[in-house]
Amino acid sequence: MTVVTRFAPSPTGFLHIGGGRTALFNWLFARHFGGKFLLRIEDTDRARSTEAAVEAIFDGIRWLGLDWDGEAVMQFARAGRHAEVARRLLDEGKAYRCYCSQDELTAIREDQRAKGLPMRYPGIWRDRAASEAPEGVPFVVRLKAPNEGETIIADLVQGDVRVANDQLDDMVLLRADGTPTYMLSVVVDDHDMGITHVIRGDDHLTNAFRQYQLYKACGWEVPTFAHIPLIHGADGAKLSKRHGALGVDAYRDMGFLPEAMRNYLLRLGWSHGDDEIISTGQAIEWFNLDSVGRSPSRFDFVKLTNLNGHYMRDADDGRLTGLLVPLLEAKTGTVLSGKAVARLRTGMTGLKERAKTMLELADSALFYVAGRPLALDEKAARTMADETAIADLAAYRTEVKGLESWTRDTLEDAARRLAEARGQKLGKIAQPLRAALAGSSVSPPIFEVMEVLGREESLGRIEDALGGTRPTESSAA
Ligand code: GLU
């Protein structure tokens, strides 16, 4: 049997983080077995589904790197097929027309409520003969569901879950206007798409009972279900915006890398021993549904950020530079020159060591592309206000000015020679140098920075720090 999974989002908003995890689990399960991962857009709620949300979902899934097989199925377009299945059930006596009016149903419900009974449709039209049907009265089509025995779902995550059939009433398959209900559409689509495993949030577990009954009535094979516990916030409460229940695009904008997101989402509910860092390749190799936990997982921003730092350090320098350029262009409001981009590329090894997100990377890389004279932050300004720091910097400038080769090693050697001659520690020169070259008290290793900036730019920045006037804000190169 080829494994076929699907992700079936409703396009009523962005692709939220829980949806991203569901998509990831389905994708991993399919890829693990060399099967198929399909996408279905459940756009039958016409009032709430929007084109923009469909696009946002495609974008989010693509950004996460979860490629789906074939064309996405649009559910609303299949309404005719869904209705056809209901009509077949009607012909076979497995469904029936119910002529109860809304008023009648409301009265029944109120009566049940008053008596403290569960509110269920009592099967009024279930066994009536067709000859009793009133003429010209609208009807809905209901499933003639079994009212004795039990429905048992052998869920791969939740174990066996069961419900007594008399607890479930006869669900509506077609509304009075002839449109299919959500429950009917899901089952018909999953069947027609050949879905073998339905992996989704456990908020759909109760739907699975009715869906199971519908499969049986249709004479179709029931897929295997796996209902994953939902994601909670760090405090254990249901995930809200405050906890990080944002769209996947928000995580991209916060500077997270898709591979870090995949690793983090995987660990939200699934484990492989004590492993925290799991590459996508390993995830495909190891993923199974047995290792999905039964309790809700907690969303932890700090963990995600640290994991992202790991993937940033691992990422290719050229790729990071490509991601960084638009961020810096937005920050500076300028188009970066080829020279500035080349500097970022050469300086990337040192830069990425210190950043946990792309936004941090952009902050720390700004000095490489800032124009002269550089603005100094408060600490750097304080350093440059010191007479000895200025004297040390001036002496260093003299030492390096005539260097034949301008590399981190020759520059460090020069600093060493100077420190020895002046009876100082090597670290002494680093402070004013950093202030002059990076405009702050933190930067990648300073001799590396000098090599990346090159002779002309480095000496120019030192010159500015020694004598020139300072702007209050940095401008772009
Ligand atoms: N469209 C449903 C949702 O977005 C998912 C239905 C399913 O996976 O069966 O929650």
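See the structure shown above.
Notes on the structure in this doc start here. The written sequence of each chain sets the order in which its residues are numbered from 1. Owing to the predicted nature of the model, reporting of local features is limited to residues with pLDDT of at least 70; listing and counting of side-chain atom pairs is limited to 80 or more, with chain, interface and lining totals taken over all residues. Derived side-chain values reflect all non-hydrogen atoms in the structure, with water molecules and hydrogen atoms excluded from consideration.

### Examining the site of the ligand
1) Next: Lining the immediate environment of the ligand, one finds Arg6, Ala8, Pro9, Ser10, Glu42, Tyr182, Arg200 and His204.
2) Next: Separating an oxygen atom of the ligand from a side-chain N or O atom of Arg200 is a distance of 2.7 Å.
3) Next: Measuring from an oxygen atom of the ligand, one finds a side-chain N or O atom of His204 at 2.9 Å.
4) Next: Here the open area of atoms and residues is found with the Shrake-Rupley method and a 1.4 Å probe, where only the protein chains shown may cover a residue. Isolated, the ligand exposes 300 Å² of accessible area, and the fraction of that covered by the protein chains is 79%.
5) Next: When residues are grouped by polarity, Ala, Val, Leu, Ile, Met, Phe, Trp, Tyr, Cys and Pro land in nonpolar, Asp, Glu, Lys and Arg in charged, and all others, Gly among them, in polar. Taken together, the residues of the shell around the ligand break down into three nonpolar, two polar and three charged. The rule for a residue being near a molecule or strand is that one of its heavy atoms must lie within 4 Å of it. Polar contacts, as counted here, are pairs of nitrogen or oxygen atoms within 3.5 Å of one another; within protein the pair requires one atom able to donate a hydrogen and one able to accept it, and residues that are adjacent in sequence qualify only if both atoms are side-chain atoms.

### A closer look at the pairing of strand β2 (residues 36–41)
1) Next: Each residue is assigned to one of three classes by its accessible area relative to the maximum for its type, calculated with a 1.4 Å probe on protein chains only: buried under 20%, partly exposed between the two thresholds, exposed over 50%. Secondary structure is summarised from DSSP: a helix means a run of H or I of at least four residues, a strand means a run of E of at least two, and numbering begins at the N terminus for each. Within β2, five of the six residues are buried, leaving the element largely enclosed by the surrounding structure.
2) Next: In this scheme, strands are said to pair when DSSP sees at least two bridges between them. Relative to β2, strand β1 (residues 4–7) runs parallel, the two being bridged by four bridges. Along β2, the bridge assignment pairs Arg6 with Leu38.
3) Next: In this fold, the crossover linking β1 to β2 by way of helix α1 (residues 17–32) has right-handed handedness.
4) Next: Where β2 and strand β3 (residues 73–74) come together, two bridges link them in parallel fashion. Bridging across to β3, Arg40 finds its partner in Val73. For a crossover, the right-handed case is the one in which the path from the first strand over the helix to the second runs clockwise, viewed with the strands pointing away from the viewer.

### Quick word on the packing of aromatic side chains
1) Next: Here a Phe, Tyr or Trp ring, Trp counted by its six-membered ring, pairs with any other such ring whose centre lies within 6.5 Å, and the pair is stacked when the planes are under 30 degrees apart, edge-to-face when over 60, and tilted otherwise. In this structure the tally under the stated criterion is twelve aromatic pairs.
2) Next: Relative to Trp68, the ring of Phe58 lies with its centre 5.5 Å away and its plane at 20°, an arrangement referred to as stacked. In this pair, Phe58 sits in helix α2 (residues 51–63) while Trp68 sits in the loop between α2 and β3, placing the two residues ten residues apart along the sequence. Considered together, Phe58 and Trp68 belong to a single accessibility category, that of buried residues.
3) Next: Taken together, Tyr251, Phe256, Tyr264, Phe299 and Phe301 form an aromatic cluster joined through their ring pairs.
4) Next: Here the guanidinium or amino end of Arg21 rests over the ring plane of Phe25, the centre of that ring lying 5.6 Å away.
5) Next: The residue whose ring lies beneath Arg142 is Tyr121, and the NZ or CZ to ring-centre distance is 3.6 Å. For a lysine, the NZ atom is tested; for an arginine, the CZ atom; a charge sits over a ring if that atom is within 6 Å of the ring centre and within 35 degrees of the ring normal.

### Quick word on the packing of α1 against helix α8 (residues 258–267)
1) Next: As a packed pair, α1 and α8 sit with axes 9 Å apart at the nearest point and diverge in direction by 90°. Here α8 runs roughly perpendicular to α1, going by the angle between their axes. In this structure, α1 contributes Ile17, Gly20, Arg21, Leu24, Phe25 and Leu28 to the contact, and α8 contributes Met261, Arg262, Leu265 and Leu266.
2) Next: For the contact of α1 with α8, the per-class residue count stands at seven nonpolar, one polar and two charged. To get an axis, a line is fitted to the C-alpha atoms, and for a helix only the part in contact is used. The angle between two axes follows their N-to-C directions and goes from 0 to 180 degrees. Throughout this description, any angle smaller than 35 degrees is read as roughly parallel, any larger than 145 degrees as roughly antiparallel, any in the 65 to 115 degree range as roughly perpendicular, and the remainder as oblique. Residues are treated as being in contact if the distance between any of their heavy atoms lies within 4.5 Å.

### Concerning helix α5 (residues 182–192)
Residue pairs spaced three or four apart in an α-helix point in one direction, given the helix's 3.6 residues per turn.
1) Next: Buried residues dominate α5, accounting for eight of its eleven residues.
2) Next: Looking only at α5, the buried set comprises Met183, Leu184, Ser185, Val186, Val187, Val188, Asp189 and Asp190.
3) Next: As for α5, its buried residues are in contact with β1, β2, α3 (79–91), β8 (172–174), β9 (197–201) and α6 (205–218).
4) Next: Note on α5: the residue one or two positions beyond its end, Gly194, has a positive phi of about 70°.

### Here we look at the sheet that holds strand β4 (residues 95–98)
1) Next: Pairing within the open sheet is antiparallel, and its three strands lie in the order β4-β5-β8. Every other strand in the sheet has two partners, leaving β4 and β8 as the edge strands with one partner each. Ignoring strand direction, the axes of neighbouring strands in this sheet form an average angle of 45°.
2) Next: Here β4 pairs with strand β5 (residues 140–143) via four bridges, running antiparallel. Across the sheet, residue Tyr96 finds its bridge partner in β5, namely Arg142.

### Some points on helix α16 (residues 408–422)
1) Next: An expected span of 1.5 Å times one less than the residue number is assigned to each helix. Between its first and last C-alpha, α16 extends 21 Å over 15 residues, near the 21 Å set by a 1.5 Å rise per residue.
2) Next: Where α16 is concerned, the buried positions are Leu411, Ala414, Ala415, Leu418 and Ala419. Down the axis of α16, the smallest arc covering the buried residues is 135°, so these residues share one side. Those residues of α16 that are exposed and angled more than 90 degrees off the buried face are Asp409, Glu420 and Ala421.
3) Next: Where the residues of α16 are buried, they touch α15 (387–401), α17 (427–438) and α18 (446–466).
4) Next: Directly after α16, the chain includes Gly423, whose backbone phi takes a positive value near 65°. In this description, the arc belongs to the directions extending from the helix axis to the C-beta atoms.

### Description of the pattern of salt bridges
1) Next: In the sections that follow, a salt bridge refers to a side-chain nitrogen of Lys or Arg positioned within 4 Å of a carboxyl oxygen of Asp or Glu. Using the criterion set out here, one finds 38 salt bridges in the structure.
2) Next: The partner of Asp111 in a salt bridge is Lys115, with the nearest N and O atoms 2.9 Å apart.
3) Next: We classify Lys115 as exposed; its relative accessible area is 56%.
4) Next: The shortest N-O distance in the salt bridge between Arg343 and Glu457 comes to 3.7 Å. You can see Arg343 sitting in helix α12 (residues 338–352) and its partner Glu457 sitting in helix α18, a full 114 residues away along the chain. Taken as a pair, Arg343 and Glu457 share a single burial class, namely buried.
5) Next: Put simply, Arg6, Arg40, Glu42, Arg78, Arg81, Glu84, Asp189, Asp190 and Asp192 are held in one network by salt bridges that share partners.

### Description of unusual backbone geometry
1) Next: Along the chain, Arg372 connects to Pro373 via a cis peptide bond; the corresponding omega equals -10°.
2) Next: Residue position: Pro373 is located in the loop between α13 (358–369) and α14 (378–384).

### Topic: the environment of Asp377
1) Next: Residue position: Asp377 is located in the loop between α13 and α14.
2) Next: Distance from Asp377 to Ser295, taken between C-alpha atoms, is 48 Å for residues 82 residues apart in sequence.
3) Next: With sequence-adjacent residues up to four places away left out, Asp377 is seen in contact with Gly439, Ser440 and Ser441.
4) Next: A distance of 3.2 Å separates the side chain of Asp377 from the backbone nitrogen of Lys379, its partner in a polar contact.

Note that all results are geometric; they support no functional claim without further evidence.
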